[in-house]
Every structure is written in structure tokens, then in C-alpha cells.
Amino acid sequence: MKTLLEIADILKSKNCIYILTHRYPDGDTLGSAYALCRALQLIGKKCKVLCHDEIPSKFRFMNDYVKYEEFDPEYIISTDVADIKLLGDKLLAYSDKINMCIDHHMSNKSYADIAFVDAMAAATAEIVYELIQNLGVPIDKEIASCLYIGISTDTGCFKYSNTTAKTHKIAYELINKNINLSKINSELFEKKSKEALSVEYMVYSTLEYFFKGKCAIIRLMQSMLDKAGINDNELEGIASIPRQIDGVKIGITIREKKSNLFKVSVRTTEDINAIEICEAFGGGGHPRTGGCTIEDDLENVKERLLTVIKNKYGW
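Another point: the overall build of the protein chain. Helix and strand counts for the protein chain come out as 10 helices and 11 strands. Radius of gyration (C-alpha) of the protein chain: 19 Å, near the 20 Å computed for a compact globule of 315 residues. Its C-alpha atoms give the protein chain principal-axis dimensions of roughly 55 × 40 × 40 Å. Of all 315 residues assigned to the protein chain, the portion counted as buried reaches 55%. Partitioning the intrachain contacts of the protein chain with sequence separation of at least 6 by distance along the chain shows that 64% fall at a separation of at least 24. As displayed, the protein chain offers around 14200 Å² of accessible surface, 48% of which is attributable to carbon and sulfur atoms. Across the protein chain, the 40 positively charged side chains and the 44 negatively charged ones have centroids separated by 2 Å.

Here's what the structure looks like:
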């Protein structure tokens, strides 16, 4: 694997760069992409961030940190994308043209010509922080804000087990760039719209327990979103709900994306590997947080998940 200094030298030699993010974008894929985009633009590169989905409203201000112009890419990078399947249909045209992947998922499929994957990093934004330093670009307030968003969201505001001393050290450096810390934290971790609360209320009513309370499952159906008048990408915290329940070792959120197609989010305690569950359905992620997509009707999706868990852990 190339070093970040070698990767920085490669990027310095390119002039027109696309940065791809994953579908259902979160703070890490977007924060990493926008931070790197701005850094490259500051050294004179043409650079643009692409995403399959509409960017959630709480992240859209990062658009203001970069300039947009039309150009054909000379080089294509992905940030926080473990598998080309996660790009979404609108970006699949680039799936066999990705030159570089920067990621922190141990389940990364090594689809790019060059992959820098550090599974010990709490977030891809941690890696991008070091890459920007190797580019020799001073980290300004805007870059720091993007990186902080990436790190704080992927660590649950520094609550998750992936948070390390290094994570806190980088966050310290970013906060010292005079970012609007209280506003960012409020927008990401405190504020909820009335519509989002309405959906949460409906989701709680779907809660089911299995294996003597060691597994909890909730479901989010399109009809709930339609009733509340909100998009799925505005509900990032939903997946954490079942795992927060005392005694639950595996929390599963089943989201309907379209008829008979469900996105599954898995959250686990430290003695359960979420990746092992998700890989059974072609997914991946991290030891404590994983995801996959299953095409089937709702009851079969649930039963297939429960069967994998029963066979794996003997519950």
C-alpha cells in the first residue's frame, strides 16, 4: 500500500479530479470529500464532489466551501466507499474508472487502482486530515469544519468504541481552527425536525425483540416517510435506536427503499461483529456498525437476518 506522502504526490500531478461519495451520504463520506476537494482547489486543481443522492440539509453548507465548474475528469477518487455497489446508480458509470480509494472500512473490496485503507482510523476524515497535511495545504476553518463533521458523525460525537486518543487529538487540532463548534454539534446531534420526530414515533411502534431480548429490530417504511413528509436521508440517527436498549446486543434497522428492496443497518456490542452478519448478504462495514441491502419481502428479510444470527451465535 502506498504511503499518504506518495498519494499526495500523485494528486499533485493531476489537474482535473472527481471525488465520489457513497449513496445515502453521511457526514464522513461528505466531510472527507469536501475537505479534500477544497484542499485540492487551494493548490490550483479543478475538483468536484459527486453524490448519487440529494445531500441532507444539515450538510449542504459544505457546498459553499468549494467552487464548481464543469470539466472532464483526469483522475477519480472515492472517499469512504467500501464497495462500488455503494456508489448508487448515478455514479456507476465511474465504477471501473476509479483511480484511488481512501477508506477506513476493513470490508473494503479493493476495487480502485490505488487503495489507502486504514481500518484503525475512526473515520475516513482522519485519513484525509493526514493526507491534506502531506499535500502541504494549511488546514483552514472550512477544511477543519468538514473534517470535524466526518470524524464526529462516524464516532457518534466521540461516544462509539472506534474513538481513540488519536481521534481526540485530531479533533483538538480542528477545533483550534476556530470552527463553529457549538453550531455544528447542535445541527448534527441535537436538532430534529417535527417531521423527523413524527417518523421516530412511528418507528418505535414497530420495535420487536428476539432471542430473549438480545436482538431488537425496527423498521422504517416508505409509507411512514410519505405520511410525515420527509426524506430518508434526513433520518441519520434512526439506526442507533434499537442498539440503545439495555440488554440488546444486536440492533437492526430495516429501511424500505422501494418495493421489496430494503437497506439494513446493524449495530452491535463489542462481543458481536456486525460485519459477519452483513457479509452474509453481500454487505460490510465495521465491527460495531455494518450494513447491507436485501431484495425480498419484509417478512422474509427479517427471517433471513434472524436465521443468520441464530446460526452464527447459537441463540
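On to the sheet that holds strand S2 (residues 46-50). Two orientations exist for strands paired in a sheet by backbone hydrogen bonds: parallel and antiparallel. The 5 strands are arranged S2-S1-S3-S4-S5 in an open sheet whose pairing can be described as parallel. At either end of the open sheet lies a strand with only one pairing partner, and these are S2 and strand S5 (114-117). Taken pair by pair, the neighbouring strands of this sheet meet at an average axis angle of 15°, ignoring direction. The sheet contact formed by strand S4 (residues 100-103) and S5 spans 4 bridges and is parallel. Directly across from Ile102, in S5, lies its bridge partner Phe116. Against the sheet, helix H1 (residues 4-12) engages strand S1 (16-20), strand S3 (75-79), S4 and S5, with an angle of about 135° to S5.

Taking strand neighbours across the sheet as the criterion, the 6 strands line up as S6-S7-S8-S9-S11-S10 in an open arrangement whose pairing is mixed. Either end of the sheet is taken by a strand with one partner, and the two such strands are strand S6 (208-210) and strand S10 (284-285). Examined bridge by bridge, strand S8 (residues 250-258) and strand S9 (residues 261-268) share 8 bridges and lie antiparallel to one another. Bridging from a neighbouring strand, Gly251 pairs with Arg267 of S9. Along the sheet face, helix H10 (residues 298-313) touches S6, strand S7 (215-220), S8, S9 and strand S11 (289-295) and points at about 150° away from the line of S8.

Next up on the list: the pattern of salt bridges. The full count for this structure, using the stated rule, is 15 salt bridges. We note a salt bridge from Glu276 to Lys312, for which the minimum N-O separation is 3.7 Å. Remark: Lys312 occurs in helix H10 and Glu276 occurs in helix H9 (residues 274-279); sequence separation between them is 36 residues. For Glu276, a relative accessible area of 34% puts it in the partly exposed group. Take Lys312: its relative accessible area is 45%, and that puts it in the partly exposed class. The shortest N-O distance in the salt bridge between Glu299 and Lys302 comes to 3.4 Å. Within this pair, Glu299 and its partner Lys302 are both found in helix H10, separated by 3 residues, close to a single helical turn.

Moving on, we come to the layout of surface pockets. Approximately 230 Å³ is the volume found for the second largest pocket. Lys58, Phe61, Tyr65, Lys141, Glu142, Ser145, Asn180, Lys183, Ile184, Glu187 and Leu188 together form the lining of the second largest pocket. The element contributing the most residues to the lining of the second largest pocket is helix H6 (residues 181-189), with 4 residues. Across the lining of the second largest pocket, the residue classes break down as 4 nonpolar, 2 polar and 5 charged.

This part is about unusual backbone geometry. For Phe211, which is not glycine, the phi torsion reads 55° and is therefore positive. Note on placement: Phe211 falls in the loop between S6 and S7.

Overall, the coordinates contain 1 cavity of 30 Å³ or more when judged by the stated rule. By volume, the largest cavity is sized at about 30 Å³. What lines the largest cavity is Glu208, Ile217, Arg219, Ile254, Leu298, Glu299 and Lys302. Ranked by the residues each element gives to the lining of the largest cavity, the list is headed by H10, at 3 residues. Counted by class, the lining of the largest cavity contains 3 nonpolar, no polar and 4 charged residues.

Definitions and limits used
- Residues numbered from 1 in each chain as written.
- Predicted model: local features only at pLDDT ≥ 70, side-chain atom pairs only at ≥ 80, totals over all residues.
- Heavy atoms only, no water.
- Helix = DSSP H or I, 4+ residues; strand = E, 2+ residues; numbered from the N terminus.
- Rg over C-alpha atoms; globule rule 2.2 N^0.38 Å.
- Buried < 20%, exposed > 50% of the residue type's maximum accessible area, 1.4 Å probe, protein only.
- Contact = heavy atoms within 4.5 Å.
- Areas by Shrake-Rupley, 256 points an atom, 1.4 Å probe, with all protein chains shown as cover.
- Lys, Arg positive; Asp, Glu negative; His and termini not counted.
- Charge placed at Lys NZ, Arg CZ, Asp CG, Glu CD.
- Pairing = 2+ DSSP bridges.
- Axes fitted to C-alpha atoms, helices over the stretch in contact; angles between N-to-C directions.
- Salt bridge = Lys/Arg side-chain N within 4 Å of Asp/Glu carboxyl O.
- 1 Å grid on protein atoms, 1.4 Å probe; cavity = no way out; pocket = protein on both sides within 12 Å on 5 of 7 lines; lining within 4 Å.
- Points joined across faces, edges and corners; volume = space filled by probe spheres on them.
- Nonpolar A, V, L, I, M, F, W, Y, C, P; charged D, E, K, R; others polar.

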